[in-house]
Amino acid sequence: MRPASATVRPAASSAATAAAPTRTGNAPLPSLNAGAWVIVDDASGAMLAEKNARQRLAPASLTKITTAILAIEGMEPATVVTTDVDSRTMIDSSVMGLVPGDCFTVNDLLYGLMLPSGNDVALALGRYEAGSDAAFVHKMNTLVKRLGLTDTTYTDPHGLDDPQHLSSAYDIAMLSRYGMSLPQFRSIVKTTSYTARGSRTLSMLNTNALLNSYANADGVKTGFTDAAGRTISVTASRNGRRLYVVLLNDQNREADAAALLDWAFANFNWR
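About the cut-offs
- Residues numbered from 1 in each chain as written.
- Predicted model: local features only at pLDDT ≥ 70, side-chain atom pairs only at ≥ 80, totals over all residues.
- Heavy atoms only, no water.
- 1 Å grid on protein atoms, 1.4 Å probe; cavity = no way out; pocket = protein on both sides within 12 Å on 5 of 7 lines; lining within 4 Å.
- Points joined across faces, edges and corners; volume = space filled by probe spheres on them.
- Helix = DSSP H or I, 4+ residues; strand = E, 2+ residues; numbered from the N terminus.
- Nonpolar A, V, L, I, M, F, W, Y, C, P; charged D, E, K, R; others polar.
- Core = buried A, V, L, I, M, F, W, Y, C linked by side-chain atoms within 4.5 Å.
- Buried < 20%, exposed > 50% of the residue type's maximum accessible area, 1.4 Å probe, protein only.
- Contact = heavy atoms within 4.5 Å.
- Pairing = 2+ DSSP bridges.

A.B. asks: Go over the layout of surface pockets, please, and point to the residues and values.
C.D. replies: There is about 280 Å³ of room inside the largest pocket. Here the lining of the largest pocket gets 5 residues from one element, more than from any other, and that element is strand β8 (residues 217–225). Tallied by class, the residues present in the lining of the largest pocket amount to 3 nonpolar, 11 polar and 6 charged.

A.B. asks: So what's going on with the nonpolar core? Which residues, and what values?
C.D. replies: Ranked by internal contacts, the top residues of the largest apolar core, which has 57 residues, are I65, M96, L110, M114, L125 and F185. Discounting chain neighbours no more than four positions away, the residues touching M96 are F104, D108, L109, G112, P116, G118, D120, V121, A196, L202 and M204.

A.B. asks: Go over the pairing of β8, please, and point to the residues and values.
C.D. replies: Successive side chains on a regular strand alternate, one facing one side of the sheet and the next facing the other. Burial runs high along β8: 8 of the 9 residues are buried. Pairing between β8 and strand β9 (residues 229–238): 7 bridges, direction antiparallel. Bridge pairing links V220 to V234 in β9. Once β8 ends, the chain turns through 3 residues before running back antiparallel as β9.

This is the structure we're talking about:
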């Protein structure tokens, strides 16, 4: 494993829209036990610091960032979806609570996807948009290729464990950055609670605790599986500057994400 690095590197998958910030502080990086992590500047897309940022690891439900992007780009928010997914059969799975015959708008389902991390919703949206699980997964893999991301291979729309379902901290940060360029995505991932009112009423809470505990945090997603451990992609702004932090396989993901954000905001200067 490579040691943690604080070398600023340009983005490989997205054209820079601004100059990368320069490191002006001398504070050491926080000590972390994550399997991999990265800090990415929003405006430039530059990596400000990282450890194993390009290592292919299980992303867990950070997969749903890509699922949400495709649903937002491919469907109208008011479209009503009748689902065939039965969450009652998805034992030990995070779900919105769908049962066959439920009718909800795409917008409602996106909240169910991103707040409680509904694996049932990932299947419902993918099947409605692409016609089958396999067809939607193909669209997911096409999207990451379109964005120039090379560390990611998807086998499902939700992120449950599969040895071939892999991504990297860097790819997830860049997918988060792309997602946050979409107004509907931004609105959803910053929401702490939501009530869907379709054929039934379902209330849900956001699993991202940093929305309530870190100033100006407004996204993006958490995840957990046995293979992936605890994962998180978080974004926050300070003085008009936005950063992304992604941690993979980190038992202390919230505290570590906050520490990395604080370190980067304090030790870099934006011209």
